[in-house]
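Here is how the chains run, residue by residue.
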Amino acid sequence: MQRTALFVTFGGLVTSLITTFLPLWKTMNSDLNEVENWFSGLWHTCLYTEEVGIQCKAYESVLGLPMDLQISRVLMSVSIGTGGLAVLAAFPGLEGVEMCLGQPTLKRGLLILSGVLSWVSGLTTLAPVSIVAYTTVVEFWDEGFPDVMPRWEYGEAMFSGWFGGLALVIGGTLFFVAVCMGDYDQRPPSVPNSPQVKHRTRHYLKTEVL
């Protein structure tokens, strides 16, 4: 269970990292000019044409960006940082790893810390993707824009971001499940000391003698 949690968390971290730098958060193509496709991400905008190919340009000003992109940049950076810390903290806490030997309490604490960090990383991935998705829907159905004007739609990076954030949350949950399983295995065996058990034992012994 510990290794499964680490694998799922690491997969979610890699997916979130790729999503952060993909310029496919939003896409736009015009019915008037079908040979041009626009792609927008957190860090740059790209234009694809059949003649030239794909050309990307970074945003010139951070303060000139929409508020949703500014918030998404910060949250995705926090997500990558906390996800990386979750993986680093979980590795020495795994059973079979020759680190922190003879310190089961420390290993347990590292796994709990990894679970909390994985949750934070997953939520800070799901939040910016959901914010950008909400603003995209609002702008798409804005009646103030003319019908002939092209509008931004969902890109592939939006779905990969949701997948990565969900994987991080699941990985954090699996860390807590692994801790609970370890606590259950380490609990002392129960001794039958109740009066009812003693009475039944005596009755059984008496019947055996008879």
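Residues numbered from 1 in each chain as written. Predicted model: local features only at pLDDT ≥ 70, side-chain atom pairs only at ≥ 80, totals over all residues. Heavy atoms only, no water.

An unreviewed UniProt entry lists the chain under the name Claudin, with Lates japonicus as the source organism. Recorded in UniProt under Function (unreviewed entry), the annotation for the chain is "Claudins function as major constituents of the tight junction complexes that regulate the permeability of epithelia." (UniProt positions renumbered as here; feature names shortened; annotations may be inferred.)

Some words on the nonpolar core
Of all hydrophobic cores here, the largest spans 11 residues; its members are Ala-5, Leu-6, Leu-13, Val-87, Ala-90, Leu-94, Leu-111, Leu-168, Leu-174, Phe-175 and Val-179. Considering each element in turn, this core owes the most residues, 4 residues, to helix α4 (residues 156-185). Those residues in contact with Ala-90 that sit more than four places away from it in its chain are Leu-6, Leu-111, Ser-114 and Phe-175. If you look at the next biggest cluster of nonpolar residues, it comprises 10 residues, including Trp-25, Ala-133, Ala-157 and Met-158. (Core = buried A, V, L, I, M, F, W, Y, C linked by side-chain atoms within 4.5 Å. Buried < 20%, exposed > 50% of the residue type's maximum accessible area, 1.4 Å probe, protein only. Helix = DSSP H or I, 4+ residues; strand = E, 2+ residues; numbered from the N terminus. Contact = heavy atoms within 4.5 Å.)

A word on the environment of Met-76
Here Met-76 is to be found in helix α2 (residues 67-90). For Met-76, a relative accessible area of 0% puts it in the buried group. Separated by 56 residues in the primary sequence, Met-76 and Thr-20 have C-alpha atoms spaced 6.5 Å apart. Non-local contacts of Met-76, meaning those with residues more than four positions away in its chain, are made with Ser-16, Thr-20, Trp-25, Leu-42, Thr-124, Thr-125 and Pro-128.

Thoughts on the side chain of Thr-20
Within the secondary structure, Thr-20 sits in helix α1 (residues 2-21). For Thr-20, the residues in contact, after removing those within four places along its chain, are Trp-25, Leu-42, Trp-43, Met-76 and Ile-80.

Quick notes on the environment of Ala-90
Structurally, the position occupied by Ala-90 is in helix α2. For Ala-90, a relative accessible area of 0% gives the class buried. Each C-alpha atom of the pair Ala-90 and Lys-107 lies 8.4 Å from the other, and the pair is 17 residues apart in sequence.

A word on the state of the cysteines
Taken as a whole, this structure holds 1 disulfide when the rule is applied. Cys-46 shares a disulfide with Cys-56; S-S distance 2.0 Å. Between Cys-46 and Cys-56 the disulfide shows an S-S torsion of about 100 degrees. By sign, it is right-handed. Of this pair, Cys-46 sits in strand β3 (residues 44-49) while Cys-56 sits in strand β4 (residues 53-58); the two residues are 10 residues apart in sequence, bridging distant segments of the chain. (Disulfide = S-S within 2.5 Å.)

Let's talk about a nonpolar patch on the surface
Residues Val-74, Val-78, Val-116 and Val-120 make up a contiguous nonpolar surface patch of roughly 280 Å² in combined accessible area. Put simply, the parts of the chain that give the nonpolar patch at least two residues each are α2 and α3 (104-140). Relative to the helices and strands, Val-78 is located in helix α2. (Patch = residues over 30% accessible without salt bridge, like charges linked within 9 Å, V, L, I, M, F, W, Y side chains within 5 Å. Areas by Shrake-Rupley, 256 points an atom, 1.4 Å probe, with all protein chains shown as cover. Salt bridge = Lys/Arg side-chain N within 4 Å of Asp/Glu carboxyl O.)

Quick word on the packing of α1 against α2
With their axes 10 Å apart at the nearest point, α1 and α2 run at an angle of 155 degrees to one another. Accordingly, the angle class assigned to the pair α1 and α2 is roughly antiparallel. In this structure, α1 meets α2 at a crossing whose hand is left-handed. On the side of α1, the interface is formed by Leu-6, Thr-9, Phe-10, Leu-13, Ser-16, Leu-17 and Thr-20, while α2 contributes Met-76, Ser-79, Ile-80, Gly-83, Gly-84, Ala-86, Val-87 and Ala-90. Of the residues that constitute the contact of α1 with α2, the class distribution is 9 nonpolar, 6 polar and no charged. (Axes fitted to C-alpha atoms, helices over the stretch in contact; angles between N-to-C directions. Parallel < 35°, antiparallel > 145°, perpendicular 65-115°, else oblique. Left-handed = near helix turned anticlockwise from the far one by under 90°. Nonpolar A, V, L, I, M, F, W, Y, C, P; charged D, E, K, R; others polar.)

Quick look at α1
Between its first and last C-alpha atoms α1 spans 29 Å; for 20 residues at 1.5 Å apiece the expected length is 28 Å, and the two agree. Taken together, the buried positions of α1 are Gln-2, Ala-5, Leu-6, Thr-9, Gly-12, Leu-13, Thr-15, Ser-16, Thr-19 and Thr-20. (Expected span 1.5 Å × (residues − 1).)

As for the packing of aromatic side chains
Summed over the entire model, instances satisfying the criterion amount to 5 aromatic pairs. Measuring from centroid to centroid gives 6.2 Å for Tyr-154 and Phe-159, while their planes differ by 80 degrees, and the two rings are edge-to-face. What makes Phe-159 partly exposed here is its relative accessible area of 48%. Where Phe-159 meets Trp-162, the ring centres are 5.8 Å apart and the plane angle is 70 degrees; that geometry is what we call edge-to-face. With a gap of 3 residues between them, Phe-159 and Trp-162 both fall in helix α4, about one helical turn apart. Connected via pairs of aromatic rings, a cluster forms that spans Tyr-154, Phe-159 and Trp-162. (Phe/Tyr/Trp six-rings, centres within 6.5 Å; stacked < 30°, edge-to-face > 60°.)

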